[in-house]
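One letter stands for each residue in the lines below.
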Amino acid sequence: MSDLFPSTARSLLHRIAREQAEARAPALMAGVVRDGALVWTGSRGRVDDTVPSSDTQSRIGSITKTFTAVLVARLRDEGRLDFADPLERHITGTPLGDRTIAQLLSHTSGAQAERDGPWWERTPGDDWPALSSTFDAHTVKHPGSRRYHYSNLGFAILGEVVARHRGRSWWDALRGEILEPLELRRTTYLPEAPHAEGYAVHPWADLVLPEPAHDAGAMAPAGQLWSTIGDLARWAAFIGGDTGGVLSPATLAELRDPVILERAPEWTNGYGLGLRVLRQNGRTMVGHQGSMPGFLADLLIDVDEQVGAITLANTTSGVGGVATDLVGIVLDAEPRLPAEWAPVDALDDSVLEIVGQWYWGPAAFVLRARGRELLELTRMSGGERVRFRSNGDGTWIGLDGYYAGETLRVVREGAERGGSTRGGPGDCRVSHLDLATFTFTREPYDPEAPGPGGVDPAGWSGLDRPASDA
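All of the points below concern the structure found in this document.

Definitions and cut-offs
Residues numbered from 1 in each chain as written. Predicted model: local features only at pLDDT ≥ 70, side-chain atom pairs only at ≥ 80, totals over all residues. Heavy atoms only, no water. Patch = residues over 30% accessible without salt bridge, like charges linked within 9 Å, V, L, I, M, F, W, Y side chains within 5 Å. Areas by Shrake-Rupley, 256 points an atom, 1.4 Å probe, with all protein chains shown as cover. Salt bridge = Lys/Arg side-chain N within 4 Å of Asp/Glu carboxyl O. Helix = DSSP H or I, 4+ residues; strand = E, 2+ residues; numbered from the N terminus. Buried < 20%, exposed > 50% of the residue type's maximum accessible area, 1.4 Å probe, protein only. Core = buried A, V, L, I, M, F, W, Y, C linked by side-chain atoms within 4.5 Å. Contact = heavy atoms within 4.5 Å. Expected span 1.5 Å × (residues − 1). Polar contact = N/O pair within 3.5 Å; in protein donor to acceptor, adjacent residues only side chain to side chain. Pairing = 2+ DSSP bridges. Axes fitted to C-alpha atoms, helices over the stretch in contact; angles between N-to-C directions. Parallel < 35°, antiparallel > 145°, perpendicular 65-115°, else oblique. Left-handed = near helix turned anticlockwise from the far one by under 90°. Nonpolar A, V, L, I, M, F, W, Y, C, P; charged D, E, K, R; others polar.

Moving on: a nonpolar patch on the surface. Taken together, the side chains of Tyr-445, Val-455 and Trp-460 define a hydrophobic patch exposed on the protein surface, amounting to about 350 Å² of accessible area. Position of Tyr-445 relative to the elements: it lies in the segment after β20 (438-440). A residue is classified by how much of its surface remains accessible, and Tyr-445, at 44% relative accessible area, is partly exposed.

Below, the structure is given as structure tokens:
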């Protein structure tokens, strides 16, 4: 299976061996994904007196939320709902009716963290009518979009949204729409052998206590599922972009984009739409952690590097941070090779005409063509690179940062600002670039271009010359 260097595989095994021994986990299983494939697995400890494998099930807790989020995103793509919809449009009579689907997905709805009553993770679950009967004014803890407040209850509600639109249970929808198409045959609602038993480890002695594993009922969309290293490797590849037709890559990218940052300004933890986003050691990783009594799980992937890791442990507490370390071990020992460069067959003259140096006021930028369909704008003094994708009509759409979704227009002589860009290099000379009202010119404050505020006719000078009144 492994195409990693033996030294890398040894370092990965050492990391999980150290964690299993120091955290005193009965069993710890791990896997590494690279370029969509499971390239390494390892385990320490025992399950039923045998060495666990990549096919041994463990409960994955809140990694379940990532599946629920994809089900909701599929409804959005089919036009059955919008992320901006208030909940009331899909489920009536809750105190969260004015909170949006996106707020529920990103834990910014202000919903309470858990359901009322006994802790749902260690007690049998109720059905939806029983769960919703517990809702009252105290179900809402914060105003919408004011703060990040993790809510298991919010994902139970999203599961009910899925069930109502599909006319079948959340689980049946999940199985038919995601698990079967992606061939995740070992991801199940209840455990199927071989599977690990969940334990609590005594804090001061080398003893264990079995933990209960109940059906969570209506809370299941928040944390019910069981899975394996093998299946979660495929799911990590999915989150990394290999969607297998289950979800559009553009929608998946939308789910991965952080909506809220838990710690700012130097953020390390954020949350998108059903996906956690971590930034550590200069790397950004996407996925989710999971915990249920007796079980801990982690799934993370560096989308840019296409390296991810999964860990599963059958202990209530003590194991943490291993998945990020496994990703770091691989990337440090075996850095990803850049894609091999090759020239394009041809490039339209209208693209060649606009590449090169541009100025926004006195700030110098360079615009490069990347392949046939992308432009890249970079400040020459350094900083963020912004990509633009061709719209096929002479305009370009921003993909990153401040300019994401904004249109870059090529304005030619004689055309009004923001007007028609039709015509090629032989028709009329490029006057300037218009990007979200920002004017980019070939010279700093080019007097020939219609820059906002105009250009002083006296031109550039020393400080001892007063500006013109014009």
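The subject of this paragraph is the nonpolar core. Grouped together as the largest cluster of nonpolar side chains are 70 residues, with contacts concentrated most on Phe-67, Leu-105, Ile-157, Leu-174, Ile-178, Trp-235 and Phe-238. Contact partners of Leu-105, with chain neighbours within four places excluded, come to Ala-69, Val-72, Phe-83, Phe-155, Leu-158, Tyr-271, Gly-272, Leu-273 and Gly-274. Judged by nonpolar contacts, the second largest core, of 25 residues, contains Ala-25, Leu-28, Leu-278 and Val-327.

We now examine helix α5 (residues 152-166). For α5, with 15 residues, the first-to-last C-alpha span of 22 Å sits near the 21 Å given by 1.5 Å per residue. Counting buried residues in α5 gives 13 out of 15 residues, a clear majority hidden from the surface. The residue sitting at the N-terminus of α5 and contributing the capping side-chain oxygen is Ser-151; that oxygen lies 3.4 Å from the backbone nitrogen of Leu-153. Phi for Gly-167, located one or two positions after α5, is positive at around 70°.

A few words now on the pattern of salt bridges. Overall, the coordinates contain 28 salt bridges when judged by the stated rule. Ionic pairing is found between Glu-254 and Arg-76, a salt bridge with its closest N-O pair at 2.8 Å. Residue Glu-254 is located in helix α9 (residues 249-256), and its partner Arg-76 is located in helix α2 (residues 64-77); the two are separated by 178 residues in the primary sequence. Exposure remark for Glu-254: the relative accessible area of 33% places this residue in the partly exposed category. Arg-166 is the partner of Glu-78 in a salt bridge, and the nearest nitrogen-oxygen pair spans 2.8 Å. Highlighted residues: Glu-78 in the loop between α2 and α3 (101-105) and Arg-166 in helix α5, separated in sequence by 88 residues. The class for Glu-78 is partly exposed, based on a relative accessible area of 40%. Of the residues examined, Arg-166 reaches a relative accessible area of 19% and is grouped as buried. Counted as one network, the salt bridges with shared partners bring together Arg-74, Glu-78, Arg-80, Arg-166, Arg-168 and Glu-177.

Ordered in space as β13-β14-β15-β16-β17-β18-β19-β20, the eight strands form an open sheet in which the pairing is antiparallel. The sheet is open, and its two edges are formed by β13 (356-360) and β20, each paired on a single side. The average undirected angle you get between the axes of adjacent strands in this sheet is 30°. Summarising the sheet, strand β14 (residues 363-370) and strand β15 (residues 374-379) pair through six bridges and their orientation is antiparallel.

Once that is clear, we can look at the packing of α2 against α5. At a closest axis distance of 10 Å, the pairing of α2 and α5 adopts a crossing angle of 40°. Classified by the interaxial angle, the pair formed by α2 and α5 is oblique. With respect to the hand of their crossing, α2 and α5 are arranged in left-handed fashion. When α2 is examined against α5, the residues Lys-65, Thr-68, Ala-69, Leu-71, Val-72, Arg-74 and Leu-75 are found in contact with a partner set consisting of Asn-152, Phe-155, Leu-158, Gly-159, Val-161, Val-162, His-165 and Arg-166. Its residues assigned to classes, the contact of α2 with α5 comprises eight nonpolar, four polar and three charged.

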